[in-house]
Amino acid sequence: MLNTIIVDDEPLARDILETYIEQIPELNLVAKCSNALEANNELQSNQIDLMFLDIQMPQITGTDFLKSLNNPPMVVFTTAYPNYAIEGFELDALDYLLKPISLDRFMKAVNRALEMQQLLAGGTPETAEIVDNPSGEKEDFIFVKSDKKLIKIHYSDIVYIEGLKDYVIIRCKDSRVITLQTMKSLEAKMPSNIFKRIHRSYIANLNEINAIVGNMIEVTEKGQTKNLPIGKNYKDELLEIVNKNRL
């Protein structure tokens, strides 16, 4: 169970989130806060695992509040302004929900939080290690060491790779594999003509990019559209690759 707080200066927004949280047994609502000061008091007094944090609030914004925390809980930003999305991802937020927030979109954010909790607890049986191809030749796959086996993953099955703190998650079309390897070392092992670092937390399979919209790319994960942020340090190189194949 995740101890959760809501931080939002709008009473209606707090009530909607509370209604959603009450429907999810894995969430325990500890407090509803109308500003960052109240939220900080809750963080000091209780063990909080997950914070739903509004961005536009009086006195101190949600992003500035998060920057001020030395050891923040998992954060899901909630806001009516899509232009804050990139800054939210740069602060390692788990997710970014645009108001009005639907229940199904809220559930996706909660599932990410539960997945992250599982990773931090070390409770997943899928924890693995990426190893070099035994042949030493260039292939269309990598091997992942898991449960005393070498599991083959074809590059064409990988949609994107996500970094979460000390973990890396290889997101395949129908599955996932988790590794304790760093994003930098994993990136070095992947073919650069197929995989491109688009953000400090994401590596995308270029063949799986459906569209680029502003500072986001669209991919399809398990039949659903997924938006991934493009970091400002990676955008120019990505667009250069895209423009080479542009009509």
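Before reading further, recall that the structure is shown in the block above.
Student: Residues and numbers for the overall build of the chain, please.
Tutor: When helices and strands are counted, the chain shows seven helices and 16 strands. Counting only residues that meet the buried cut, the chain has 46% of its 247 residues in that class. Put simply, 50% of the contacts in the chain that link residues at least 6 apart link residues at least 24 apart. For the chain, the exposed surface amounts to about 13100 Å²; the carbon and sulfur share of it is 47%.

Student: Give a description of the sheet that holds strand β14 (residues 211-213) that names residues and reports values.
Tutor: Pairing is antiparallel in the open sheet, where three strands are placed in the order β14-β15-β16. The sheet terminates laterally at β14 and β16 (224-229), the two strands that pair on one side only. Each strand axis lies, on average, 35 degrees off the axis of its neighbour in the sheet, ignoring direction. The sheet contact formed by β14 and strand β15 (residues 216-221) spans three bridges and is antiparallel. When the sheet's bridge partners are listed, V213 is paired in β15 with M216.

Student: Requested: an account of the sheet that holds strand β4 (residues 74-79), with residues and values cited.
Tutor: Taken in spatial order, the five strands line up as β2-β1-β3-β4-β5 in an open sheet, and their pairing is parallel. Sheet topology places β2 (27-33) and β5 (95-98) at the edges, where each strand pairs with a single neighbour. Sheet twist, expressed as the mean angle between neighbouring strand axes with direction ignored, is 20 degrees. As judged from the five bridges shared by strand β3 (residues 50-54) and β4, these two strands associate in the parallel manner. Residue pairing across strands places L50 opposite M74, the latter belonging to β4. Relative to β2, helix α2 (residues 36-45) is tilted by about 135 degrees, and along the sheet it contacts β1 (2-7) and β2.

Student: Now, about the packing of aromatic side chains: what can you tell me, with residues and values included?
Tutor: In the structure shown here, the tally under the stated rule is five aromatic pairs. Seen from their ring centres, F52 and F106 are 5.0 Å apart, and the 25 degrees between their planes marks the pair as stacked. In this pair, F52 sits in strand β3 while F106 sits in helix α5 (residues 103-121), placing the two residues 54 residues apart along the sequence. The burial state of F52 is the same as that of F106; both residues are buried. Taking 5.3 Å as the distance between ring centres and 85 degrees as the angle between the ring planes, the aromatic pair formed by F141 and F143 counts as edge-to-face. Residues F141 and F143 agree in their burial class; the two are buried. Joined through ring pairs, the aromatic side chains of Y20, F52 and F106 make up one cluster. A cation over a ring is seen here: K152 above F141, with NZ or CZ 4.5 Å from the ring centre.

Student: Any details on the pattern of salt bridges? Residues and values, ideally.
Tutor: Taken as a whole, this structure holds 14 salt bridges when the rule is applied. The closest approach of N and O atoms between E10 and K99, which form a salt bridge, is 3.8 Å. A residue pair is termed long-range when its members are at least 10 positions apart, and E10 in the loop between β1 and α1 (11-22) and K99 in the loop between β5 and α5 qualify at 89 residues. On the basis of relative accessibility, which here comes to 40%, the residue E10 falls in the partly exposed class. As a salt-bridge pair, E162 and R171 come within 3.0 Å of each other at their nearest N and O atoms. Given a relative accessible area of 8%, R171 falls into the buried group. Put simply, R112, E115, E162, R171, R176 and E221 are held in one network by salt bridges that share partners.

Student: Residues and numbers for the side chain of N205, please.
Tutor: With respect to the secondary-structure elements, N205 resides in strand β13 (residues 202-205). Polar side-chain contacts of N205 include one of 3.2 Å to the backbone oxygen of Y155. If we skip the residues at most four places from it in the chain, N205 touches Y155, I158, V159, I194 and F195.

Student: Explain the nonpolar core to me, using residue names and the numbers behind them.
Tutor: Of all hydrophobic cores here, the largest spans 32 residues; its most connected members are I5, V7, M51, L53, F65, F77 and I217. Core analysis: the next-biggest nonpolar cluster, separate from the first, contains 24 residues, L27, F52, I101 and F106 among them.

Parameters at a glance
Numbering of residues begins from 1 in every chain and follows the order in which that chain's sequence is written. Local features in this predicted model are restricted to residues whose pLDDT is 70 or higher, and side-chain atom pairs enter the listing and the counts only when it is 80 or higher, whereas totals over whole chains, interfaces and linings include all residues. Water and hydrogen atoms were dropped before computing side-chain values, which therefore reflect all heavy atoms in the structure. Here a helix means four or more residues in a row that DSSP labels H or I, a strand means two or more in a row labelled E, and each is numbered from the N terminus. For each residue, the accessible area found with a 1.4 Å probe, counting protein chains only, is set against the maximum for its type, and the residue is called buried under 20%, exposed over 50%, and partly exposed in between. Residue contacts are counted whenever heavy atoms from the two residues lie within 4.5 Å of one another. Using the Shrake-Rupley algorithm and a 1.4 Å probe, accessible areas are obtained, with residue cover drawn only from the displayed protein chains. Here a strand pair is declared whenever DSSP counts at least two bridges between the two strands. Structural elements are reduced to axes, namely lines fitted to C-alpha atoms, with helices fitted over the stretch in contact, and the angle between N-to-C directions of any two is expressed from 0 to 180 degrees. Pairs were defined over the aromatic rings of Phe, Tyr and Trp, the Trp ring being its six-membered one, requiring ring centres within 6.5 Å. Orientation was assigned from the angle between planes: stacked under 30 degrees, edge-to-face over 60, tilted for the rest. Charges are assigned to positions over rings by a cutoff of 6 Å between ring centre and Lys NZ or Arg CZ, combined with an angular limit of 35 degrees from the ring normal. Here, a salt bridge means any Lys or Arg side-chain nitrogen found within 4 Å of an Asp or Glu carboxyl oxygen. Here a polar contact means two N or O atoms within 3.5 Å. Within protein one must be a hydrogen donor candidate and the other an acceptor candidate, and residues neighboring in sequence count only if both atoms are side-chain atoms. Throughout, nonpolar core names a set of buried Ala, Val, Leu, Ile, Met, Phe, Trp, Tyr and Cys residues whose side chains join them through atoms within 4.5 Å.

Keep in mind these numbers describe shape, not what the thing actually does.
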